[in-house]
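A closer look at the structure
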Amino acid sequence: MSLLLNLPAMSLASKIILHSPVKDERRLAAFVEQCLADGVSLLAIVGPGCTELEETIDWLVTGDGGNPGRFLCTTSHPDEPFDDVLNMAHTWELERGNLVQEVRL
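Residues numbered from 1 in each chain as written. Predicted model: local features only at pLDDT ≥ 70, side-chain atom pairs only at ≥ 80, totals over all residues. Heavy atoms only, no water.

Looking now at the environment of Thr56. With respect to the helices and strands, Thr56 occurs in helix H2 (residues 50-62). Residue classification places Thr56 among the partly exposed residues on the basis of a relative accessible area of 37%. Between the alpha carbons of Thr56 and Leu28 there is a distance of 9.3 Å; along the sequence they are 28 residues apart. (Helix = DSSP H or I, 4+ residues; strand = E, 2+ residues; numbered from the N terminus. Buried < 20%, exposed > 50% of the residue type's maximum accessible area, 1.4 Å probe, protein only.)

Moving on, we get to the pattern of salt bridges. This model, assessed by the stated rule, comprises two salt bridges. Residues Arg26 and Asp24 are paired through a salt bridge, measuring 3.0 Å at the closest nitrogen-oxygen approach. With relative accessibility at 72%, the residue Arg26 sits in the exposed group. A salt bridge links Arg70 to Glu33, with the nearest nitrogen and oxygen atoms 2.6 Å apart. Taken together, the positions of Arg70 in the loop between H2 and strand E4 (74-77) and Glu33 in helix H1 (residues 28-37) put the pair 37 residues apart, joining distant regions of the chain. (Salt bridge = Lys/Arg side-chain N within 4 Å of Asp/Glu carboxyl O.)

Here you go:
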């Protein structure tokens, strides 16, 4: 199942595919905080600039490293077909179910 979300009103699934590029950069930090609060286990990023977006998100999560409890597994998939990334996300931590949300910011 895939969903396109208009954040922040909804709780997130544990596995997310984020589409790059982000159209509204101001929403990115709040989205990352929501991922952490909701216990997202995988944030897979697809589309143009996904590698750079992954680095930005990693920095938002870890910051200066002062809070080692902040963790979010991120992956970027610059040259992979969307269906392959979706399949990877579905099989990630099967015990969490198969629900994968697609997000566009």
